[in-house]
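Now for the letters of each chain:
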Amino acid sequence: MSLVVNNISVNLGKRQILKDVQFALATGESLAIIGPNGAGKSTLLNAISGMLQPERGNIKFENNLISSLSTGERARKIAVLSQQHQLNFPFRVRDVIQLGRFPHITTKHSDNVVINELIGILQLHKLENKPYTQLSGGEKQRVQVARVLAQIWHVEETTSSLLLMDEPFNSLDLNFQQLALNIFARLKGVNTNVVCVVHDINIALRNFPKILALKDGQQIFFKAPGCLTQDELQKTFSTSFDIIHHPKDGMPLVIL
Amino acid sequence: MNKYSRQTSWLLLLCILFACFFCALQFGAVDISVRELFWQKNYDSTAIVWQLRLPRILLALSTGALLALCGAAAQGLFRNPLADPSLIGVSAGASLGASLVLFFGITSGLSLSFNIQFSLVSLGAFTGSVIAVVLVYRIATGVHGTSVPTMLLVGIAVSAIAGSFTSLLEYFSNDATLRRISLWRMGGLDGASYYHVTISFLLLFASFVLLYKLSSQLNALLLGEQDAQHLGVDVIKLKRAIIIVIAAGVGISVALAGMITFVGLIVPHFMRMIMGPNHKYLLPACVLGGAILLSAADTLSRTVIAPSELPVGLLTALLGAPLFILLLYQRRQYQM
């Protein structure tokens, strides 16, 4: 197992946000975290990234306790895409992506190779020299995704790392949602675990091998999408909906 | 901004700086021609240039650079181009700290040497500005960034508190103390000595070296505190370093030259337009720009109504306040 979350509970102040969350991912396996608003999804990401210390339990990545890694080691292994972006200075798009190379002591040349590759993959050629502040919401999201990828991108060697994303599909159109999913598939190939908070349940069901559902800080289930029952999903969101099956592969889809 | 146009900008800034320096040497209540400056030495003009004008110009250059640098640092800390130390109450805090030291220093009746007195006043100003920055930052900045209205309102509150305390001190002062405090509060660069110049240049050098080393961390901080942390920046340590630099810079400049407002807003704003927001280029550009602005403003303030002088802070405010209003007007562009 590559990422092991071992029975963690997280408090913020006196309030308990997460209680007894437990799951494990194999090398390269990706996970979608779903659940209603305020269920503790972002808190779980923060705990995995090492930003929040769990009250009980522990988190291991490749047999190392996350809390035992130094700030620098952690930054070279774990990249995080936040839900909201605060940057409001007119950096060029290229320079924003460059910020993702901060933890790496590499040559300017190898930084540029990584940046150019990501600009290509995320189709940012036309925006490369534009000020970030002038971009639309979806364009900003793409640039931030590129920046976060730059943090754990390796051109030749394969070093396994961990990519945590809080609603990466936010404000991306279908074309770029597909693009992001292709990138995840590619990351799987280099043994990188992707953990995403996903709002759109159908994206989660169709594209992630494992789903973790949270509600009021408690884990409702941790399963492969094929094994899910309608009851489990309805319990998570406390609402009723229909489940149909995809015409091609028979996997479940949710319809309100 | 490509490499070549950036190089041109550096060259241009340096040329303007030298031009400002020589104009400042020449013009004043008594104009001294270039010939007199270098070749035809006579006693009067030598004394004017070396004893009065040069230390004053050097003080203007270094405090201007220091204030601009502190402005850029504060804007990095608050992740907002409106965070000028004089607008968010840091200068007011420094001024209160310095007044407290002056008041108790004089009323306690200790006869201290000039240098020790100055060091104590600076320490008071430093303490006052540390408290002000920390207070404003704690209240105005949270997980989701800085709230501009809160930041400016806390600045107003801090300035009001500092102002009322200073008035209270004046109320309890005797005539001699009152005179000392109010003379000092009016500030200005006219008391410049080589001792002052040495101190402010040393501080400028130290602050610049420290901030320049932190420039890529400062860039990362602009992404937000959490994102910077995810990139491996020790945010707490970084913020502490920035706060100390701002407090020391503003504190010393207030102790040396009184309240000079808006330099920390104007210079970083224009330098960001020329050099871009990357701190690696912005910080050195602010040092040059601040030196240019304050030495030019000081030359103007000495010559416009010569032989009298305008307070130099008046000129910077005259330039800065409209820019501030313009920035507020365009704030949507900065998503504030």
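Here the residue index of a chain counts from 1 through its sequence in written order. Each chain gets a letter, beginning with A, and each ligand a number, beginning with 1, in the order they are written. Residue-level local features of this predicted model are given only where pLDDT is at least 70; pairs of side-chain atoms are given and counted only at 80 or more, and the full residue set underlies all totals for whole chains, interfaces and linings.

### A word on the overall build of chain B
Part 1 of the argument: By definition, any uninterrupted DSSP run of H or I lasting at least four residues is a helix, any uninterrupted run of E lasting at least two residues is a strand, and each is numbered from the N terminus. Counting secondary structure elements, chain B contains 14 helices and 2 strands.
Part 2 of the argument: Computation of the radius of gyration draws on C-alpha atoms alone. For the globule rule, the value is 2.2 Å times the number of residues to the power 0.38. In terms of C-alpha radius of gyration, chain B reaches 20 Å, essentially the compact-globule figure of 20 Å for 336 residues.
Part 3 of the argument: By the criterion used throughout, residues are in contact when their C-beta atoms, derived from the backbone, lie within 7 Å. Within chain B, contacts between residues at least 6 apart in sequence are counted, and of these 79% link residues at least 24 apart.

### Observations concerning the overall build of chain A
Part 1 of the argument: Across its full length, chain A holds 8 helices and 12 strands.
Part 2 of the argument: Each residue is classified by how many other C-beta atoms fall within 10 Å of its C-beta atom, where C-beta atoms are placed from the backbone; a count of 20 or more means buried, 12 or fewer means exposed, and values in between mean partly exposed. The buried share of chain A, taken over its 256 residues, is 40%.

### As for the interface of chain B and chain A
Part 1 of the argument: With 20 residues of chain B at the contact, the number on the chain A side is 21 residues.
Part 2 of the argument: At the level of elements, helix H9 (215–221) and helix H10 (225–230) of chain B are the ones that each hand at least two residues to the side of chain B that touches chain A.
Part 3 of the argument: At 4 residues, the largest contribution of residues to the side of chain B that touches chain A is made by H10 of chain B.
Part 4 of the argument: Partitioning the side of chain B that touches chain A into residue classes produces 6 nonpolar, 11 polar and 3 charged. Any residue outside Ala, Val, Leu, Ile, Met, Phe, Trp, Tyr, Cys, Pro, Asp, Glu, Lys and Arg is labelled polar, Gly included; the first ten of those are nonpolar and the last four are charged.

### Quick notes on the pairing of strand S6 (residues 78–81) of chain A
Residue and element names in this part refer to chain A.
Part 1 of the argument: Burial of S6 is two-sided: the residues Ile 78 and Val 80 facing one way and the residues Ala 79 and Leu 81 facing the other way are all buried.
Part 2 of the argument: In this structure, S6 lies alongside strand S7 (residues 162–166), joined through 4 bridges in parallel fashion. Paired with Leu 81 across the bridge in S7 is Met 165. For two strands to be treated as a pair, DSSP must find no fewer than two bridges joining them.

### Here we look at the environment of Pro 55 of chain B
Residues and elements named next belong to chain B.
Part 1 of the argument: Assignment of secondary structure puts Pro 55 in helix H3 (residues 43–78).
Part 2 of the argument: Judged by the 19 C-beta atoms lying within 10 Å of it, Pro 55 is partly exposed.
Part 3 of the argument: In this structure, the C-alpha to C-alpha distance between Pro 55 and Gln 217, residues 162 residues apart in sequence, is 35 Å.
Part 4 of the argument: Excluding residues that lie within four positions of it along the chain, Pro 55 makes contacts with Ala 192, Ser 193, Tyr 194 and Val 197.

### Observations regarding the environment of Leu 283 of chain B
All names here are of chain B.
Part 1 of the argument: Position of Leu 283 among the secondary structure elements: in helix H13 (residues 279–303).
Part 2 of the argument: You can call Leu 283 buried: it has 24 C-beta atoms within 10 Å.
Part 3 of the argument: Separated by 71 residues in the primary sequence, Leu 283 and Tyr 212 place their C-alpha atoms 6.9 Å from one another.

### Remarks on the nonpolar core
Part 1 of the argument: By size, the foremost hydrophobic cluster in this structure holds 167 residues, and its most contacted members are Ile 33, Leu 118 and Ala 146 of chain A together with Leu 69, Ala 73, Ile 246 and Cys 286 of chain B.
Part 2 of the argument: A per-element tally of this core places H3 of chain B first, with 16 residues.
Part 3 of the argument: Contacts of Ile 246 of chain B, omitting those with residues within four sequence positions, involve Cys 70, Ala 73, Ala 74, Pro 85, Val 90 and Val 133 of chain B. A set of buried Ala, Val, Leu, Ile, Met, Phe, Trp, Tyr and Cys residues, joined to one another through C-beta atoms within 7 Å, is what we call a nonpolar core.

### Considering unusual backbone geometry
All names here are of chain A.
Part 1 of the argument: Backbone geometry at Glu 167 places phi at a positive 50°, although glycine is not the residue there.
Part 2 of the argument: Looking at the element boundaries, Glu 167 is found in the loop between S7 and helix H6 (174–189).
Part 3 of the argument: Positive phi values are uncommon outside glycine, yet Ser 171 reaches one of about 55°.
Part 4 of the argument: Looking at where Ser 171 falls in the secondary structure, it is placed in the loop between S7 and H6.
Part 5 of the argument: Among the residues examined, Ser 171 registers 13 C-beta atoms within 10 Å and is labelled partly exposed.

### A few points about the pairing of strand S3 (residues 31–34) of chain A
On a regular strand, one side chain projects to one face of the sheet and the next to the other, so that they alternate.
All names here are of chain A.
Part 1 of the argument: Taking every second residue as pointing to the same face, both faces of S3 are buried, with Leu 31 and Ile 33 on one and Ala 32 and Ile 34 on the other.
Part 2 of the argument: Pairing geometry for S3 and strand S9 (residues 210–215), over 4 bridges, is parallel. If you follow Ile 34 over to S9, its bridge partner there is Ala 213.
Part 3 of the argument: In the sheet, S3 pairs with strand S8 (residues 193–197) via 3 bridges, with the strands oriented parallel.

### Overview of the packing of helix H12 (residues 263–275) of chain B against H13 of chain B
All names here are of chain B.
Part 1 of the argument: For helices, the fitted line uses only the C-alpha atoms of the stretch in contact; every axis is such a line through C-alpha atoms, and the angle between N-to-C directions lies from 0 to 180 degrees. Contact pair H12 / H13: the axes reach a minimum separation of 9 Å and the direction vectors enclose 130°. With respect to H13, the axis of H12 lies oblique. By crossing handedness, the relation of H12 to H13 is classed as right-handed. Across from Val 263, Ile 266, Val 267, Pro 268, Phe 270, Met 271, Arg 272, Ile 274 and Met 275 in H12, the residues of H13 making contact are Tyr 281, Leu 282, Ala 285, Cys 286, Gly 289, Gly 290, Leu 293 and Leu 294. Angular relationships are summarised with four words: roughly parallel below 35 degrees, roughly antiparallel beyond 145, roughly perpendicular across 65 to 115, and oblique for the angles in between. Handedness of each helix crossing follows the sense of rotation of the near helix against the far helix: counterclockwise by less than a right angle gives left-handed, clockwise gives right-handed.

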